[in-house]
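Here's the letter readout for the chains.
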Amino acid sequence: MQDMLKGLLLPLRDRSAEYLESELEIQTKIQGVSSKIFTNPTSIKNSSLLATTGSIEVYVAMGYDGTLFEEIVKIFLQGDEVEGEELIEIKESISCELINIIVGNAIKNPIDNTSLNITPPLYIDEMSSVFKDKNSKILTTNIETIYGNIYIAITHPFKKSF
Amino acid sequence: MPRVLIVDDSLIVRRNMQKFLTKLSFEVIGEAKNGLEAIEMCSKHSPDLITMDITMPDMDGITAVKKIREFDQNVRIIMSTSHGQEKMVLDSIKAGARGYMLKPITEEKLVNTLKKIFPLHRFIDESYYEHSNDKPTEEVDEKDIANSEEEK
């Protein structure tokens, strides 16, 4: 089980780093993959979640430290100034779009290499809202950048799609 | 000026796509957040081009393309998606799409795709070509543009 999750998480980590560097021009330092739960998941904001469907069903969540996320938002806005409610909506859509691009481009069944489909992403603000179950098997990794960390978490397969 | 409908559940994608398309002399006539809205807007406004996301809530892009083709054979549809899998490309083309762009969408990717679909369109913003090797080599007559529109 853990090997399968790792087989899903590693390409996501690598694709995230590649995306940050090549598309957003943000330098990264890849960290190892661990099987422990985040020590303080409530602190991980700007998060979004999607599920894979098909031969493997898992949740994938990604979140960002504040300064890094603000930098990414600035890049997406291409110099436009946006405020208030519109900015909140745009930030949510950027968080969702990031996970959509990264997971959509990267994820395959590590056993037979077949493609997996993904659900539309949901903005969840804090990762803790997903990882309430203390018994959940969760693999996590983070990638350091000069602006802060990006966090990726993947949970064990579940029976129902959401 | 070709009239475009942008279909994507992401606000930031719709926003940036609108910016790129307007800069490239396309008229954005509307935006839709899912396949159902896309079908309704397409039947109401008869756009020349649709940029269509695949993974969307309520109705996905491939299903929407199939349904649009039931009443509109002419509209040109480009899929824009994060899925790089061959099956998705094949399913999109079978459903009736004319092109495919892998996200993240950049202005350069968009121009390269649109040039294949609107070969005679005048991409007015010349600043795009300043740093590109893909420069236009000849002037296009307005009559050619009109003919291209009639060909659809």
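Quick note: structure is the one above.
Residue indices follow the written sequence of each chain, beginning from 1 at its first position. Whichever chain is written first becomes A and whichever ligand is written first becomes 1, with later ones labelled in order. Owing to the predicted nature of the model, reporting of local features is limited to residues with pLDDT of at least 70; listing and counting of side-chain atom pairs is limited to 80 or more, with chain, interface and lining totals taken over all residues.

1. Structural notes on the overall build of chain B
Reasoning step 1: A run of H or I in DSSP counts as a helix once it spans at least four residues, and a run of E counts as a strand once it spans at least two, with each numbered from the N terminus. Helix and strand content of chain B: seven helices and five strands.
Reasoning step 2: Counting helices and strands in the order they occur from the N terminus, chain B gives β-α-β-α-β-α-β-α-β-α-α-α.
Reasoning step 3: Within the span of chain B, comprising 152 residues, buried residues form 38% of the whole. To assign burial, the other C-beta atoms lying within 10 Å of each residue's own C-beta are counted, with C-beta atoms placed from the backbone; 20 or more indicates buried, 12 or fewer indicates exposed, and intermediate counts indicate partly exposed.

2. Looking at the sheet that holds strand 4 (residues 76-81) of chain B
Residues and elements named next belong to chain B.
Reasoning step 1: Pairing between strands requires that DSSP locate at least two bridges from one strand to the other. The five strands lie next to each other as 2-1-3-4-5, forming an open sheet whose pairing is parallel. The sheet is open, and its two borders are formed by strand 2 (27-32) and strand 5 (99-102), each paired with just one other strand. Strand-to-strand twist of the sheet, defined as the mean angle between neighbouring strand axes without regard to direction, takes the value 20 degrees.
Reasoning step 2: Note that strand 1 (residues 3-7) and strand 2 share five bridges and pair parallel. Within strand 2, the residue paired with I6 across the bridge is E31.
Reasoning step 3: Residues are scored as being in contact if the C-beta atoms we place from backbone atoms lie within 7 Å. Lines fitted to C-alpha atoms define the axes here, with helix axes fitted over just the stretch in contact, and angles between the N-to-C directions of these axes take values from 0 to 180 degrees. Across the sheet, helix 5 (residues 107-117) touches strand 4 and strand 5, and the angle it forms with strand 5 is around 175 degrees.

3. Looking at the packing of helix 2 (residues 35-45) of chain B against helix 3 (residues 61-69) of chain B
Residues and elements named next belong to chain B.
Reasoning step 1: Helix 3 packs onto helix 2 with a crossing angle of 25 degrees between their chain directions and a minimal axis gap of 9 Å. By the criterion of interaxial angle, the relationship of helix 2 to helix 3 is roughly parallel. Considering the relative orientation of helix 2 and helix 3, their crossing is right-handed. The segment helix 2 lies against helix 3, with G35, A38, I39 and C42 engaging G61, T63, A64, K67 and I68.
Reasoning step 2: The residue inventory of the contact of helix 2 with helix 3, partitioned by class, reads five nonpolar, three polar and one charged. Should an angle fall under 35 degrees it is called roughly parallel, over 145 degrees roughly antiparallel, and 65 to 115 degrees roughly perpendicular, with every other angle called oblique. Note on convention: near helix rotated counterclockwise from far helix by under a right angle means a left-handed crossing. Clockwise means right-handed. Under the convention adopted here, Pro, Cys and the residues Ala, Val, Leu, Ile, Met, Phe, Trp and Tyr are nonpolar, Asp, Glu, Lys and Arg are charged, and Gly plus all remaining residues are polar.

4. What about helix 2 of chain B?
One full turn of an α-helix is made of 3.6 residues, so residues set three or four places apart face in the same direction.
Residue and element names in this part refer to chain B.
Reasoning step 1: Of the positions making up helix 2, those classed as buried are G35, A38, I39 and C42. Taken end-on, helix 2 shows its buried residues confined to a sector of 100 degrees, consistent with a single buried face. Exposed residues on helix 2 whose side chains face more than 90 degrees from its buried face are E40, K44 and H45.
Reasoning step 2: Contacts from the buried residues of helix 2 go to strand 1, strand 2, strand 3 (49-53) and helix 3. For this quantity, the arc is that covered by the directions from the helix axis to the C-beta atoms.

These values are about where atoms sit, not about what they do.
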